[in-house]
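Survey of secondary and tertiary structure
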Amino acid sequence: MSGTPISRRRYAVVGLGARAETFVGALACPYSDRAELVGFCDTNPTRMSVHNRWLAERHGYPAVPQYAAADFAKMLHEQRPDVLVVTSMDRTHDDYIVAALEAGLDVITEKPMTMDPVRCRRILDAAEKASGSVRVAFNYRYNPVHEKVREVLASGAIGEIGSVHFEWLLDVRHGADYFRRWHRDKANAGGLMVHKATHHFDLVNWWIAAEPETVFADGKLFFYGDENGKRRGLARAYDRADSSPEAADDPFAIKLAANDKLRELYLEAEQDDGYHRDQNVFGPGITIEDDMAVLVRYSSGASLSYHLTAYSPWEGYRIGFNGSAGRLELLVRENTFATPPADQQHATAVQHGDAKPGETEALLTLHPLWEPPQTLLHGELGQGHGGGDARLLESLFGDPGDDPLGRSANHEDGARSLLIGLAANQSFETGQVVKVSSLLS
């Protein structure tokens, strides 16, 4: 007896830069039995054509109709998608999410959901009235190591949680990449407190199941930028690395022409919009911070002390949960040192830290009161954000199954993580404690 055929949902993707590759590839294969790509929308026609060529070369997939950003509404009308996938520049997310919800679509958006309180309020209001849903692609929730942390905390193994200490280190390849591209301008992405740390704030919100109430923070541009580069002798006299002799000996310079994906998506697409993906990290015009400390008070009475460093020699993170019955510690090391981006000719177009075989490590240790410590997990990390990417894609496009850990994140989860980062940005400016609830009032 044959099973009931699976109905294929229609997907459109807006924003066809590097971040779209994971979603587009998954929809073409292995989820083509459940999904159909019906529209691409972007400001840059070359990037859309690159993705269409990749689809044909890798999967034998037919060309997806391409629409300019100005024709977004036309795409929705003509192609009638069921779901919109948003992987565009952060400052544009709200326009696409709200329009899709008002058209009755479901939405899957890359993190951060948006980048300021006004845009956040727009999305929350639209979602409240809409028949469709919003899913925020927090892939770190699906990392098996992070799932184990959630299980241990929920079991009560360390009792009532009093505090969380969380240090995240971006190495000088991955961290520097935010200072080469559009993220370097806070007007595009809200800085690393919004674009990057939203992952980390969401993890803590999910792990301890509590609401953030107040935030106090301090942030600075300590390492990157023109003044810091000149002061430390790291500066080179170029605006962007391509065809610049001054960039030849700069370990911080990325060579777009040497990486096939970067060359096709960005260098060869410059004639359409003039966007330079390889700007000088020690050049002028950087308005975001690279060293940030945040203190958060939660509704449960727990506190979070968080630090993000974007110029570390190695990549990874340390987390400690202090409870009334003990302590839970997690160490994740993704590499022991960073390799210059010029040496990564075949790396992904998204310049993450190098996850080097034999160097990656995840160590989870439980320290009960009055008892010896227990190693709960110790081993190599999985590929793709510790294995989180593939599991997230299965949840989004495949058979999600049961979700006892509540990994699926909606617009309210997206807002909770975002608002911590926005409150931190406000605290940077005012030097004051910020009530999270005041941001949306």
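Read on for a plain summary of the structure. Residue numbers run consecutively from 1 along every chain, following the written order of its sequence. The predicted nature of this model means local features are confined to residues of pLDDT at least 70 and side-chain atom pairs, given and counted, to a pLDDT of 80 or more, with totals for whole chains, interfaces and linings taken over all residues. Excluded from the side-chain calculation are hydrogens and water; included are all heavy atoms of the structure.

Topic: helix α5 (residues 117-129)
Counted only if it meets this: Labels follow the DSSP assignment, with helices taken as runs of H or I lasting at least four residues and strands as runs of E lasting at least two, numbered in each case from the N terminus. Helix span, expected: 1.5 Å multiplied by one less than the number of residues in the helix. Here the term buried applies to any residue with accessible area under 20% of the maximum for its type, exposed to any over 50%, and partly exposed to those in between, with areas from a 1.4 Å probe on protein chains only. Note that the arc is defined by the directions from the helix axis to the C-beta atoms. Any two residues whose heavy atoms approach within 4.5 Å at even a single point are treated as in contact. Under the rule applied, a polar contact is a pair of N or O atoms within 3.5 Å (in protein, one hydrogen donor and one hydrogen acceptor; residues adjacent in sequence only if both atoms are side-chain atoms).
Taking 1.5 Å per residue, 13 residues should reach 18 Å; α5 reaches 19 Å between its end C-alpha atoms and fits that length. When α5 is considered as a whole, its buried residues turn out to be C120, I123, L124, A126 and A127. For α5, the buried positions fall inside an angular range of 165° around the axis, keeping them on one side. In α5, the exposed positions that point more than 90 degrees away from the buried face belong to V118, E128 and K129. In this fold, the buried residues of α5 make contact with α4 (93-102) and α16 (411-430). For α5, the N-terminal capping position is held by D116, with its side-chain oxygen 3.3 Å away from the main-chain nitrogen of V118.

Looking at the packing of helix α6 (residues 144-154) against helix α10 (residues 197-208)
Operational definition: Convention adopted: a line fitted to C-alpha atoms gives each axis, helices being fitted over their contacting stretch, and angles between N-to-C directions are expressed from 0 to 180 degrees. Side-chain classes follow a simple rule in which Ala, Val, Leu, Ile, Met, Phe, Trp, Tyr, Cys and Pro form the nonpolar group, Asp, Glu, Lys and Arg form the charged group, and the remainder, Gly included, forms the polar group.
At a closest axis distance of 9 Å, the pairing of α6 and α10 adopts a crossing angle of 35°. Residues H146, E147, V149, R150 and L153 of α6 form the contact with α10, whose participating residues are L203, W206 and W207. Among the residues forming the contact of α6 with α10, the class breakdown is 5 nonpolar, 1 polar and 2 charged.

Comments concerning the side chain of Q79
Here Q79 shows up in helix α3 (residues 72-79). At a separation of 2.8 Å, a polar atom in the side chain of Q79 contacts the side chain of Y67. With near-sequence residues (within four places) excluded, Q79 lies in contact with R10, V38, P65 and Y67.

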